[in-house]
Amino acid sequence: MDILVLVLVLALAAANGANDVPKGVATLAGAGVAKVRTAIGWGTITTAVGCLVSLHFASKMTALFSKGIVSADPTPAFGAAVLIGTVAWVALATWRGLPVSTTHALTGALLGAGSLFASSAVQWSVLLKKVVEPLLLSVLIAWAISALLAVAARVALRRLAAARPPAQQEPEPVPGPGGGGATTATVTRTATEPRTEEETQPTGKLGAVGVAHWLTSGLTSFARGMNDAPKIVAIGSFALVSGMTPTRLLFAVTAVMAVGGLVVGSKVAGRLANDVIKMEHVEGFTANLTTAALVGLGAFQGLPMSTTHVSIGAISGTAGTDLSRIKKKTVRDFAIAWVVTPPFAAAVAALAYLALR
């Protein structure tokens with residue numbers, strides 16, 4: 001049974017990497033800053049760093065998912081059932097290109113198997129305070145903060161553009177006589193004419209917004225690694241193979257999570273990048289800044305924030321009050337998947353426990 005638990009832990013790590021690594025870096029692809037594969041590579045590296053750093057900050061999160069939701073001493077059969085329920089849903093959702101929460105799949109699986117394993121040990125009050133409330137509040141807070149930051153950033157960029165000299169001579173190529181080769185003409189642009197963001201960036205260099213976008217996407221992935229790795233290790237610790245310690249298990253989870261993200265992460269990344277909202281460069285930066293702050297805070301406080309819900313709330317928030325920019329069919333599909341996550345994982349986990357006990 002211990003071997004089965006280890007295999008399932010690594011399977012969950014791979015599925016988690018495939019579904020969650022894209023969430024921190026999808027804005028890079030959505031804003032046209034990087035190709036999907038490049039963004040996934042950056043997300044994988046920064047996620048792995050976050051996973052390893054969680055060694056020093058994971059005690060609260062590990063305690064919640066080891067005995068905080070189901071307080072009875074776990075058995076290998078219980079641990080395996082929880083992992084089967086979680087892996088089944090996260091893998092299915094990833095195959096369908098749906099970004100779902102490993103946190104809430106784990107929670108549903110714990111409840112499904114726990115209701116059969118030790119129903120009196122299920123801590124419903126802890127579940128409400130530590131899981132349900134952060135879920136509902138994080139989506140709303142992420143949307144509001146992201147909307148405010150996006151508006152503030154756009155205003156700042158317009159003011160910077162308006163502060164340029166009243167007139168600037170800019171050589172631009174124009175067609176030559178008869179439509180032949182291009183010649184250079186001088187075009188006068190006044191300060192009242194808006195300038196694109198690309199025009200405000202130094203030629204041949206990555207501007208400040210670009211650097212900030214890369215940094216905040218990396219911070220989002222870093223925070224996600226800190227938030228997710230301890231949960232997976234906590235369940236895997238229910239039955240450790242001889243010679244395997246929680247620290248060694250964390251290293252194994254980190255490595256397999258990276259592989260899952262690199263090999264399978266593009267499908268979810270593509271949907272988040274292109275199917276929620278058409279982002280501008282600065283909007284991707286503000287969405288990532290919001291997600292990194294909230295998920296990082298959750299990791300430090302032992303609150304199992306869902307990177308899925310926070311990141312999509314933040315990405316949607318960049319539209320502000322202009323809801324017409326949001327692709328409603330995509331958001332509807334995501335919302336249905338989120339609602340289905342806990343009961344699906346709970347049902348599979350319960351059936352698995354009945355078969356394994």
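Quick caveat, the model's predicted, so the values are computed rather than measured.

Caption draft 1: Fine view of the nonpolar core. With 72 residues, the main nonpolar core has Val-70, Phe-78, Val-82, Leu-110 and Val-253 as its most contacted residues. Element by element, the count of residues in this core is highest for helix H4 (residues 76–95), at ten residues. Ignoring sequence-local partners within four residues, the contact set of Leu-110 consists of Phe-65, Ile-69, Val-70, Phe-78, Val-82, Ser-115 and Ile-235.

Caption draft 2: Main features of helix H5 (residues 102–117). Its 16 residues give H5 an end-to-end C-alpha distance of 21 Å, which sits within 8% of 22 Å, the value for a rise of 1.5 Å per residue. Among the 16 residues that make up H5, 14 are buried, leaving the element largely enclosed by the rest of the structure. Capping the start of H5, Ser-101 holds a side-chain oxygen 3.3 Å from the backbone nitrogen of Thr-103, two or three residues further along.

Caption draft 3: Quick peek at the environment of Ser-316. Relative to the helices and strands, Ser-316 resides in helix H12 (residues 307–317). By relative accessible area, which is 10% here, Ser-316 ends up buried. Along the sequence, Ser-316 and Val-139 sit 177 residues apart, while their C-alpha atoms lie 10.0 Å from each other. Beyond its immediate chain neighbours, meaning those up to four positions away, Ser-316 contacts Trp-143, Val-276 and Ile-326.

Caption draft 4: Representation of the side chain of Arg-271 in the model. With respect to the secondary-structure elements, Arg-271 resides in helix H10 (residues 266–274). Ignoring any residue separated from it by four or fewer positions in sequence, one finds Arg-271 in contact with Arg-96, Gly-97, Leu-98, Val-276, Thr-330, Asp-333 and Phe-334.

Caption draft 5: Here's a closer look at the packing of helix H11 (residues 281–301) against H12. Contact pair H11 / H12: the axes reach a minimum separation of 8 Å and the direction vectors enclose 150 degrees. The orientation of H11 relative to H12 falls into the category roughly antiparallel. In the packing of H11 onto H12, the handedness of the crossing is right-handed. From H11, Ala-287, Thr-290, Thr-291, Leu-294 and Val-295 reach across to H12, where they touch Thr-307, Val-310, Ser-311, Ala-314 and Ile-315. Tallied by class, residues from the contact of H11 with H12 come to six nonpolar, four polar and no charged.

Caption draft 6: Broad picture of the packing of aromatic side chains. According to the stated counting rule, one finds four aromatic pairs in the structure shown. Aromatic side chains Phe-78 and Phe-117 sit 4.7 Å apart centroid to centroid with 20 degrees between the ring planes, which places their arrangement in the stacked category. Placement of Phe-78 in helix H4 and of Phe-117 in helix H5 is noted, with a sequence separation of 39 residues between them. With respect to burial, Phe-78 and Phe-117 carry one shared label: buried. Pairing Phe-117 with Tyr-353 gives two aromatic rings, centres 6.0 Å apart and planes at 75 degrees, and the pair type is edge-to-face. Of this pair, Phe-117 sits in helix H5 while Tyr-353 sits in helix H13 (residues 328–356), and the two are 236 residues apart along the sequence. Take Phe-117: its relative accessible area is 19%, and that puts it in the buried class. The buried category is assigned to Tyr-353, whose relative accessible area is 8%. An aromatic cluster is present here, built from Phe-78, Phe-117 and Tyr-353 joined pairwise through their rings. Lying across the ring of Trp-95, Arg-96 places its NZ or CZ 5.3 Å from the centre.

Caption draft 7: View of the environment of Ala-350. On the secondary structure map, Ala-350 appears in helix H13. When neighbours within four sequence positions are excluded, Ala-350 is seen to be in contact with Gly-112, Ala-113 and Leu-116.

What counts and what doesn't
- Residues numbered from 1 in each chain as written.
- Predicted model: local features only at pLDDT ≥ 70, side-chain atom pairs only at ≥ 80, totals over all residues.
- Heavy atoms only, no water.
- Core = buried A, V, L, I, M, F, W, Y, C linked by side-chain atoms within 4.5 Å.
- Buried < 20%, exposed > 50% of the residue type's maximum accessible area, 1.4 Å probe, protein only.
- Helix = DSSP H or I, 4+ residues; strand = E, 2+ residues; numbered from the N terminus.
- Contact = heavy atoms within 4.5 Å.
- Expected span 1.5 Å × (residues − 1).
- Polar contact = N/O pair within 3.5 Å; in protein donor to acceptor, adjacent residues only side chain to side chain.
- Axes fitted to C-alpha atoms, helices over the stretch in contact; angles between N-to-C directions.
- Parallel < 35°, antiparallel > 145°, perpendicular 65-115°, else oblique.
- Left-handed = near helix turned anticlockwise from the far one by under 90°.
- Nonpolar A, V, L, I, M, F, W, Y, C, P; charged D, E, K, R; others polar.
- Phe/Tyr/Trp six-rings, centres within 6.5 Å; stacked < 30°, edge-to-face > 60°.
- Lys NZ or Arg CZ within 6 Å of the ring centre and 35° of its normal.

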